[in-house]
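Observations on chain architecture
Spelled out, the chains give:
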Amino acid sequence: MHNGHDAGELAALDLNLLVVLDALLTERHVTRAAARLGMTQPACSHALGRLRRALGDPLLVRGTRGAMLPTPRAEALAPGLRAALHGLASAIRGEARFDPATARRTFRIATGDYAELVLLPPLLSLLASEAPGIDVWMLPLALTREGVVAQLSSGAVDVVIGPPRRGWPDGLYIRPLFDERFRCVVRRGHPAAQSPLTLDRYCALSHLLVAPRGSPGSLVDDALAALGRSRRVAAAVPHFLVAPHVIAATDLMATLGARLVDAAAAPLGLSVLPPPLELSSFSFAMIWHERTHHDPAQRWLRDQVAKAAS
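These lines cover the structure that appears in this document, whether it is placed above or below. Treat the numbers as computed from the prediction; the structure is a model and nothing was measured.

About the criteria used
- Residues numbered from 1 in each chain as written.
- Predicted model: local features only at pLDDT ≥ 70, side-chain atom pairs only at ≥ 80, totals over all residues.
- Heavy atoms only, no water.
- Buried < 20%, exposed > 50% of the residue type's maximum accessible area, 1.4 Å probe, protein only.
- Helix = DSSP H or I, 4+ residues; strand = E, 2+ residues; numbered from the N terminus.
- Pairing = 2+ DSSP bridges.
- Right-handed = clockwise from strand over helix to strand, strands pointing away.
- Phe/Tyr/Trp six-rings, centres within 6.5 Å; stacked < 30°, edge-to-face > 60°.
- Axes fitted to C-alpha atoms, helices over the stretch in contact; angles between N-to-C directions.
- Contact = heavy atoms within 4.5 Å.
- Core = buried A, V, L, I, M, F, W, Y, C linked by side-chain atoms within 4.5 Å.

1. Description of the pairing of strand 8 (residues 206-210)
Burial runs high along strand 8: 4 of the 5 residues are buried. Here 5 bridges tie strand 8 to strand 9 (residues 232-237), and the two strands are oriented parallel to one another. Its bridge partner lying in strand 9, His207 is registered against Val233. Each parallel crossover has a hand, and for strand 8 linked through helix 9 (residues 219-226) to strand 9 it is right-handed. With 2 bridges connecting them, strand 8 and strand 10 (residues 253-257) associate as parallel partners. Bridge assignment links His207 to a residue of strand 10, and that residue is Met253.

Right, dumping it as structure tokens:
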């Protein structure tokens, strides 16, 4: 047991210095860290001097344009320090209980229009009965991995819903939500709907592609390429919900997720055909930041989204 020893070490160190160190490691700039804490810049520099003496390490060294670079010791300290201060703040506040029935607040979810269509109706009906004071804002999903990480780490959004791509950095959590199969659609009365759809006839048609990032290529085109085949993409749009309307008014074909097809086929008079090649399913997942992982309100929100997805 090291408790007495630990307490002695902590008693010898002003705990306010650890708050200053956390701000310095976050901002990496003395003036900005001082502003964040409501201190003067000289007081912040003085605190850094005391920390260096107490820990026997320079902790932050001068970089370019006033920026400070953490030493290896400081980098090793940072995650544990952040977690300890967070735990201390929670202990002092008392873990805020979250009561959905009485809570009034807004949650922000970043995603594309496909997941909005699938998840928002069931999510909002859940909230209407269980949490009438909760509002939900859907925001556009950043197009790059770095952008998504920034949305989450800055707190601009609470959760992101999108493809569970590989290679997310540490500090993010991922929970699968739903898988989706492909269907082919054409307007009712289209010649392609009159007889079974073969791969040759599929490749001979002009296609509409949904490309959220605006770049060519898709799961379908990859599957065709694996067979040594290709198709003509005559038009591409960034939004899924536009696609069924374009199909209803043209001779193009689209290969879309089943939930979108189910929602649009009857009202728009579309013919639904099975794809004439083996296509893997695509999936959606919920992604959030470790900063919000233990927060009771955020945990509740994530459970509601998962419930809506099921």
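2. Observations regarding unusual backbone geometry
As a rule of thumb, non-glycine residues mostly have phi less than zero, and peptide bonds are mostly trans rather than cis. Within the chain, Arg28 stands out as a residue other than glycine whose phi angle is a positive 55 degrees. Structurally, Arg28 is set in the loop between helix 2 (15-27) and helix 3 (30-37). One non-glycine residue, Leu59, adopts positive backbone phi at about 65 degrees. With respect to the element layout, Leu59 can be found in the loop between helix 4 (41-55) and strand 1 (60-62). Here Leu59 falls in the buried class, since its relative accessible area comes to 0%.

3. Here's the deal with the pairing of strand 10
Burial runs high along strand 10: 5 of the 5 residues are buried. In terms of strand pairing, strand 7 (residues 182-187) meets strand 10 through 4 bridges, oriented antiparallel. The residue bridging Phe182 from the neighbouring strand is Gly257, located in strand 10.

4. Quick look at the packing of aromatic side chains
Under the counting rule described, the total for this entry stands at 10 aromatic pairs. Centre to centre, the rings of Tyr114 and Phe240 are 5.0 Å apart; their planes meet at 85 degrees, and the pair counts as edge-to-face. In this pair, Tyr114 sits in helix 6 (residues 113-130) while Phe240 sits in the loop between strand 9 and helix 10 (243-248), placing the two residues 126 residues apart along the sequence. Relative to Trp288, the ring of Tyr173 has its centre 5.8 Å away and its plane inclined at 10 degrees; by these criteria the two rings are stacked. In this pair, Tyr173 sits in strand 6 (residues 172-180) while Trp288 sits in strand 12 (residues 282-289), placing the two residues 115 residues apart along the sequence. Taking relative accessible area as the criterion, Trp288 reaches 6% and is therefore assigned buried.

5. Quick notes on the sheet that holds strand 9
Across the sheet, 5 strands lie side by side as 9-8-10-7-11; this open sheet has mixed pairing. The strands lining the two open edges of the sheet, one partner per strand, are strand 9 and strand 11 (270-273). Pairwise comparison of adjacent strand axes, ignoring direction, gives a mean angle of 35 degrees for this sheet. Taken together, the 4 bridges between strand 7 and strand 11 define a ladder with antiparallel strand orientation. Opposite Val185, over in strand 11, you have Val272 as the bridge partner. Sitting on the sheet, helix 11 (residues 258-268) touches strand 7, strand 10 and strand 11, and the angle it makes with strand 10 is about 130 degrees.

6. Quick look at the nonpolar core
A general tendency of soluble globular proteins is for nonpolar side chains to be buried together. Membership of the largest hydrophobic core comes to 59 residues, with the highest contact counts inside it found for Leu119, Leu177, Tyr202 and Val305. Other than its neighbours up to four places away in sequence, Leu119 contacts Ile161, Leu177, Phe178, Val305, Ala308 and Ala309.

7. Brief notes about the sheet that holds strand 5 (residues 159-162)
The strand order across the open sheet built from 5 strands is 4-3-5-12-6, with neighbouring strands paired in mixed fashion. Two strands in the sheet have a free side with no partner beyond their single neighbour: strand 4 (134-140) and strand 6. Across the sheet, the axes of successive neighbouring strands diverge by a mean angle of 25 degrees, strand direction being ignored. Alignment of strand 5 against strand 12, held across 3 bridges, turns out to be antiparallel. Paired with Ile161 across the bridge in strand 12 is Met286.

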